[in-house]
Amino acid sequence: MKEKRTRTSAKAGLPPGSLVHIGRSIQSQSTIEIVRYNTEQFEHHTYKAAADFPSLPQDDCVKWIHVHGVQDTELIRFIGDSFKIHPLALEDIMNTEHRPKIEDYDQNLFFTFRLLTIDPQSALHQEQISIVLTQNSVISFSEDSGDFFNPVREQIKQSKGKIRTRGADYLCYALIDYAIDQYFHVVETIEDQIATLEENLFKNTEDNLLSLVRDQQRTIVAALRATTAFKESLSRIIYEESPLIEKTTLRFYGDILDHLVSIHDSLENSRENNASLREVYASQLSLRMTQTMQILTIISTLFIPLTFIAGIYGMNFEYMPELKTKYGYLIVWIVMLAVAGSLLWFFHKKKWI
Amino acid sequence: MKEKRTRTSAKAGLPPGSLVHIGRSIQSQSTIEIVRYNTEQFEHHTYKAAADFPSLPQDDCVKWIHVHGVQDTELIRFIGDSFKIHPLALEDIMNTEHRPKIEDYDQNLFFTFRLLTIDPQSALHQEQISIVLTQNSVISFSEDSGDFFNPVREQIKQSKGKIRTRGADYLCYALIDYAIDQYFHVVETIEDQIATLEENLFKNTEDNLLSLVRDQQRTIVAALRATTAFKESLSRIIYEESPLIEKTTLRFYGDILDHLVSIHDSLENSRENNASLREVYASQLSLRMTQTMQILTIISTLFIPLTFIAGIYGMNFEYMPELKTKYGYLIVWIVMLAVAGSLLWFFHKKKWI
Amino acid sequence: MKEKRTRTSAKAGLPPGSLVHIGRSIQSQSTIEIVRYNTEQFEHHTYKAAADFPSLPQDDCVKWIHVHGVQDTELIRFIGDSFKIHPLALEDIMNTEHRPKIEDYDQNLFFTFRLLTIDPQSALHQEQISIVLTQNSVISFSEDSGDFFNPVREQIKQSKGKIRTRGADYLCYALIDYAIDQYFHVVETIEDQIATLEENLFKNTEDNLLSLVRDQQRTIVAALRATTAFKESLSRIIYEESPLIEKTTLRFYGDILDHLVSIHDSLENSRENNASLREVYASQLSLRMTQTMQILTIISTLFIPLTFIAGIYGMNFEYMPELKTKYGYLIVWIVMLAVAGSLLWFFHKKKWI
Amino acid sequence: MKEKRTRTSAKAGLPPGSLVHIGRSIQSQSTIEIVRYNTEQFEHHTYKAAADFPSLPQDDCVKWIHVHGVQDTELIRFIGDSFKIHPLALEDIMNTEHRPKIEDYDQNLFFTFRLLTIDPQSALHQEQISIVLTQNSVISFSEDSGDFFNPVREQIKQSKGKIRTRGADYLCYALIDYAIDQYFHVVETIEDQIATLEENLFKNTEDNLLSLVRDQQRTIVAALRATTAFKESLSRIIYEESPLIEKTTLRFYGDILDHLVSIHDSLENSRENNASLREVYASQLSLRMTQTMQILTIISTLFIPLTFIAGIYGMNFEYMPELKTKYGYLIVWIVMLAVAGSLLWFFHKKKWI
Amino acid sequence: MKEKRTRTSAKAGLPPGSLVHIGRSIQSQSTIEIVRYNTEQFEHHTYKAAADFPSLPQDDCVKWIHVHGVQDTELIRFIGDSFKIHPLALEDIMNTEHRPKIEDYDQNLFFTFRLLTIDPQSALHQEQISIVLTQNSVISFSEDSGDFFNPVREQIKQSKGKIRTRGADYLCYALIDYAIDQYFHVVETIEDQIATLEENLFKNTEDNLLSLVRDQQRTIVAALRATTAFKESLSRIIYEESPLIEKTTLRFYGDILDHLVSIHDSLENSRENNASLREVYASQLSLRMTQTMQILTIISTLFIPLTFIAGIYGMNFEYMPELKTKYGYLIVWIVMLAVAGSLLWFFHKKKWI
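Owing to the predicted nature of the structure, the values given are computational and were not obtained by experimental measurement. (Residues numbered from 1 in each chain as written. Chains lettered and ligands numbered in written order. Predicted model: local features only at pLDDT ≥ 70, side-chain atom pairs only at ≥ 80, totals over all residues. Heavy atoms only, no water.)

(A) Structural detail: the relation of the copies chain E and chain D. Mapping chain E onto chain D leaves a residual RMSD of 0.1 Å; the transformation is a rotation of 72° accompanied by 0.0 Å of translation along its axis. Put plainly, the chains are arranged around a five-fold axis. If distances are taken from each C-alpha of chain E to the rotation axis, the shortest is found for Gly314(E), at 4.5 Å. The share of interface residues of chain E whose copies in chain D are also at the interface is only 15%, consistent with the copies meeting through different surfaces. (Least-squares fit on C-alpha atoms with pLDDT ≥ 70 in both. Contact = heavy atoms within 4.5 Å.)

(B) Summary view of the interface of chain B and chain A. On the side of chain A, 57 residues touch chain B, which itself brings 54 residues to the contact. For the pair chain B and chain A, the summed buried surface comes to about 4,700 Å²; carbon and sulfur atoms form 62% of the total. At the junction of chain B with chain A, the criterion picks out 8 salt bridges. Measuring nitrogen to oxygen at the nearest pair gives 2.8 Å for the salt bridge that ties Arg214(B) to Glu198(A). Here chain B and chain A share 17 residue pairs in polar contact (both at pLDDT 80 or more) between them. Broken down by secondary-structure element, the contributors of at least two residues to the side of chain B that touches chain A are helix 2 (87-94), strand 6 (101-105), helix 5 (209-240), helix 6 (247-312), helix 7 (321-324) and helix 8 (328-349) of chain B. By residue number, the principal contributor to the side of chain B that touches chain A is helix 6 of chain B, which donates 16 residues. When the residues that make up the side of chain B that touches chain A are grouped by side-chain class, the tally is 26 nonpolar, 11 polar and 17 charged. (Buried area = accessible area lost by both parts, 1.4 Å probe. Salt bridge = Lys/Arg side-chain N within 4 Å of Asp/Glu carboxyl O. Polar contact = N/O pair within 3.5 Å; in protein donor to acceptor, adjacent residues only side chain to side chain. Helix = DSSP H or I, 4+ residues; strand = E, 2+ residues; numbered from the N terminus. Nonpolar A, V, L, I, M, F, W, Y, C, P; charged D, E, K, R; others polar.)

(C) Broad picture of the sheet that holds strand 3 (residues 31-37) of chain A. Residue and element names in this part refer to chain A. What the 7 strands build is an open sheet, ordered 4-3-5-9-8-7-6; its pairing is mixed. With one partner strand each, in any of the chains shown, strand 4 (42-47) and strand 6 (101-105) form the two edges of the open sheet. Neighbour-to-neighbour, the strand axes of the sheet open up by a mean angle of 15°, direction not taken into account. Across 10 bridges, the pairing between strand 7 (residues 108-118) and strand 8 (residues 124-133) is antiparallel. The residue of strand 8 that forms the bridge with threonine 112 is serine 130. (Pairing = 2+ DSSP bridges. Axes fitted to C-alpha atoms, helices over the stretch in contact; angles between N-to-C directions.)

(D) Main features of the packing of helix 1 (residues 73-82) of chain C against helix 2 (residues 87-94) of chain C. Residue and element names in this part refer to chain C. Interhelical geometry of helix 1 versus helix 2 gives an angle of 145° and a closest axis separation of 10 Å. Classified by chirality, the crossing of helix 2 by helix 1 is right-handed. Between helix 1 and helix 2, the contacting residues are Thr73, Ile76, Arg77 and Gly80 on the first element and Leu90, Ile93 and Met94 on the second. (Left-handed = near helix turned anticlockwise from the far one by under 90°.)

(E) Focus on the sheet that holds strand 7 (residues 108-118) of chain D. Residue and element names in this part refer to chain D. Taken in spatial order, the 7 strands line up as 4-3-5-9-8-7-6 in an open sheet, and their pairing is mixed. Each end of this open sheet is capped by a strand with a single partner; those strands are strand 4 (42-47) and strand 6 (101-105). Averaged over all neighbouring strand pairs, the angle between strand axes comes to 15°, with direction disregarded. Pairing of strand 3 (residues 31-37) with strand 4 involves 6 bridges; the strand directions are antiparallel. Each residue of the ladder has a partner; that of tyrosine 37, found in strand 4, is phenylalanine 42.

(F) Looking closely at empty space enclosed by the protein. Residues and elements named next belong to chain D. All told, the structure shown has 9 cavities of 30 Å³ or more when counted by the stated rule. There is about 80 Å³ of room inside the largest cavity. Forming the boundary of the largest cavity are 13 residues, of which Ile26, Gly69, Val70, Gln71 and Glu143 lie nearest the centre. Of the residues that constitute the lining of the largest cavity, the class distribution is 2 nonpolar, 8 polar and 3 charged. (1 Å grid on protein atoms, 1.4 Å probe; cavity = no way out; pocket = protein on both sides within 12 Å on 5 of 7 lines; lining within 4 Å. Points joined across faces, edges and corners; volume = space filled by probe spheres on them.)

(G) Structural context of the interface of chain E and chain D. Listed as interface residues are 53 residues of chain E and, on the opposing side, 57 residues of chain D. Taken together, both faces of the contact between chain E and chain D bury some 4,700 Å²; the carbon and sulfur share is 62%. For the pair chain E and chain D, the interface holds 8 salt bridges. Viewed at the interface, chain D and chain E are joined by 17 residue pairs in polar contact (both at pLDDT 80 or more). Of all elements in the fold, only helix 2 (87-94), strand 6 (101-105), helix 5 (209-240), helix 6 (247-312), helix 7 (321-324) and helix 8 (328-349) of chain E reach the threshold of two or more residues within the side of chain E that touches chain D. Per-element accounting of the side of chain E that touches chain D gives the leading share, 16 residues, to helix 6 of chain E. Counted by class, the side of chain E that touches chain D contains 26 nonpolar, 11 polar and 16 charged residues.

In short, the description is geometric, and any link to function would need to be established separately.
In structure tokens, the structure reads:
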């Protein structure tokens, strides 16, 4: 949490439509990648500054403008003006902590959602992706400067699947689908982790188990929040049938929804399993504590009667016939061993030891 | 979990519509069974390869194509092309971990759901069944190569019930109905198991009781997930009244829904009973622990006052009149027995022993 | 549970529409009672076999056919054919474990629900009642051969209320109303039982209290399941306004719904109270356990310091001035009593004893 | 619970429409109060018997007939006949344990709800109020013979507010509003009580605290049941816009709904706070128990090592050099005090004492 | 809670439409601020009394009347009459404990909601804001006399953003947006506080931790109640599309809704985290208690066997060979140390110490 971070409250009091970057501050320059293609041609250019940005021809090509980094207010405003993106959408693009949603601005559809990735140490990494779909362009924004969508660009370049034969709505689908597919990694990593945690929990080899379980709980809740909101928006947008998405393409959006529902289900299931892990942890802990107390108490219980017997023959009565006999001491030892043995046998029969 | 298994994340990054088998890898060849029938005639053929597949005549017969095994990408694509099945449906057929659903692809209705069976050791076995219903054909897919639907084929062959007088929509119903009927075995096995577990729990004869209860919980949750999603899809499809299903047949689909609702209810009930078993287990455990501690403490408590009395007469005071008397020792014994007796009587009255 | 019982899974694999009796096997013959009435006339006949069944005249009389016992497949099929009852309805009539529902088969309305009675030992008894309402006939089926609906027949015979002036829809209402009225006994018995249990729980006079509470929980859940499903079906059927029920009669069905809602509310309330009883039981148990341990510990704690004092003067040092004094022994007793007294006073002040 | 009470099950088996009083039996005669008013005139009469009841003129005056007591079957039937009240409404009027509801009988609107009052000892008192609203009359029924609605009558008499200028629908609103306003007393009393209970709970001055908390829980649940059902009915009736209520008056009914929603919210909040009180009580109890055990154990733990030391020098070895030294005894005392001191210091540092 | 406060029940029994101030009594005079502006002009005046209130010209300027303080019944009635505000709205304005809502009074839209602020000690401060939106005026009411909306006035004055080019509906949006933006401070303060509490909880440095957690719970619940009700009202009002709000402005109201949903989500999340804190607290407490008992028991368990050994050689048998040997005493010491060492090693191996 030591990274620099602007929070939503920073915007309180500014007039509506003010563009302020909210979220992690990333020290790198924004870049813009432009891809133009139709069934015949394919072009790909990278620009570093808004000034270099070319005017795009009004042809039947699908145009995909991808902006890496959303911290540069000027650039975002420039892109927004060029493609007539609504000021409120621009605000949401720069607010990288916005909850996922899809909004229909008549001229264009605005998608914002989270890219979820999970590293081997099971820490969830979230990045905001925003996509604006217009008649024949897709403008996408990623928080980080990494080249996440490169595989999709390669698919277009190599004409894999039907992507070159279809419009901007299908490109937009392909981008979202590619991003949502990453969620399966997250879901499966969490499921594997639960299995491992459960095993360890019964072996109790790790001391920080509870903290791992609680970390996982946070990961699951975060993943669920990202999934739920986007799922609901998507389901609404599919129902409303925007004219920007062709009917035959809509079915593909339905397929994403299907994935989201299934991811959501798995996450809910993981959440319950995680809760159940915490329960098991608590009961294991309490069980172990009680067993400890039991063993300690058994030790005490064993010696207290013996001490009593020793106490008997420590009394100073003048007339105690046993004290005078030759084998008295031996017999007392035998008695004490017998008592100890009986108790041990009793404890054993009761399955206490 | 040692079986080979492909997971959903394996598909991340592939272009949409890529056919990849997901789920348990099964080492057996796919086979295809074709049944053609109307009120007069009945034909049944089995094929091993897509190449052998005959061209089916365009007559009024109902055609039922059943594919055993969904790992063969080429075969699935061939079947998909022959019957104009949507690429997304083909993807779902090959993804044997897909959640149950019914989708209306205008030309055909696509059903995918789980066949649930339970073995005597109460392990739930899931298999995915997919069915495509077109105007006068039914194409069904089962994950395994076992001949699960044979009884339905026999019913057709022997003209039992009204199946020969009705169309593909009724055949499709008959297949689903036959599969869902298996759920009752699952529900009843779970219910019997709960009764047995509860009995054992109060007798406490088994050490692994909690693990059995937790296994059962997982079985119930899995069965519920399979049931819930299919129930919802079915209820929606009945409400929408697809033209592929005749109105008089629709009522039979409503009957399946009825069964699913009732299965769902029973499973929910079992889930609550299972949760209640875990509660009882926890409280039984805690009760037993406390009783153990109580008995141990009672033993200590009995001897501590006696040890004190012995301690008194172990003191070395020069002037202790009792020590000189002849019956002092005897009397001390009597006092100690009296104290012990009183305590035992007190504990007994309090119902502690 | 030793009674003979056929379970739903017995039907798996049979072709749809197969009539199989499911539920408790009852060793008695089915009988049929036929009542015909209008404002002027009233007829009542009892038949033992389907063969005796007369052909009913097509007049304006309301016909009420009541079948005792639903195990006789032939009889049920005969009745079904005579009154054109849908095969799926016949299946449900013979499945006495079917969940309550109302189904509109255009030609007739099919009701199936549970008759709940509770015996003085608070065991819930369930019986399935099925009713088919056609234009001017009511065909009712009861699982048992007891003459449950006799009071309604008497009302008709004696022309009590408006029943003779109204049609089959009102008769059907009267039957259901009469059956649902029995639920109030169940609800009130449960409520009384909770009051008794709560009282006993604080007195703790019975050992099997928890088992009584758990039995009651099962009774409540069963009653709730019977109520909920029927309530929902009834509410839907009222909303849909079937032409088989006149508008002025519909309001009476609304009154049954009112009763069901109120019964449902009371049962939900009882369920919460029952859960709260279990909570109280658990906390009472834990309280008592802890109090026991406390008293035991108090006894030990009282004697341990005294034993220490005795131990002091049991030491064998040569130079221990106290041992030589005349009143040493007496003083030690006084000190020990003082210590014991102080501890008891301290424990008392702390309200531990 | 010693008061005489008829329960709902008393009605089971009677033909529909049978008028039976259900609820507390109150030993007092019913009285009828009739108020007639318009902007100019105001009349008020009290009658003791149905026979005295005058025929009311058909003028533009608003007529308000209030009946104290609903046990007199004859009177209720007479009123019902006079104003054409539906038999089912009459049944509900006499069933003083009916859940709140509003029903639209075309000719009139029927309201039944509970008047909630709370006494200083925080016992909830419920009384059923039923109101029938017709074109220009309001017929209200109260269970008790107390003059609860007198303040409203005074408002009419003194022409306070707009009541004299408006119709029966507004009078009906004024009556309900006046009754619902009493709920705020209930809500606030409960909230104050929770604050007091919480304070006492941390001071633990009262022994019957848990029973008070449980009593309060019952009060809250009862108040919630009364509120929820009426709120839902009212919200439905406002949505349906009955012709009996003018549009400008409807907004006032919306205001009652507003109050009910806010009361409901507060009660839900109180319910959660009450549950949280019970939790706190349980944890306080367990905390105190554990502290007790801890102190007792500390006392034992302090003396056990000391007793051991004393035991050492109680041994009878011939060669024990310490026993012969002059200051041995003194040194042992010092050692024992040091051990005791160290233990006390250790316990103190650990914050156990 | 020592401040003077009028509660809702104070109004019970008064005729509907009676204006009574409910809530905290604030000792300061009401003031009125009037702002008039269009794209060209801007005017700002402050008045202290209703008498000074000017008649506002009927021009195309947007008029914003802000009233500080809602305790002055006369002033509220005067404002209400001047702008034709419905009596029920006036009642709600004066009831500063009203739950947030938006109501459409045809002539105007009435908003009432809570301004939430949180001080560094994390105490939530609530203030009620009411806004009446008419065709070209906004009348706003704040409970306190502080100049909360000054920044918005400054924005208008300095023509920041588009506020001067738009109508009253946009001003109303700007006011609500400014107020809701404050919620983010509350949400973030709560989230920070949870992080701090969790850290402290594991360090256990503060004694009043539970009370802080419970205070926070109350804060979260209060904030949630304020948010939920307003969110629902806003969502309904956006759906209904009042003619008072232009379509292009409606999108901005949608943006507020977006914020509210996101705030609501964060608060719900905080609520769960808070509950989880309480759970952790309870388990930490119980863990610590058990550890204490364990250490105490370990001490006792260590000395009880040693005391037994000492007891053995305290016996007075005449024939006890060990007593006579020269090194007997030394050997006993060695044995005792060995026993103690073994036990300590055993406890250590078991990880008890």
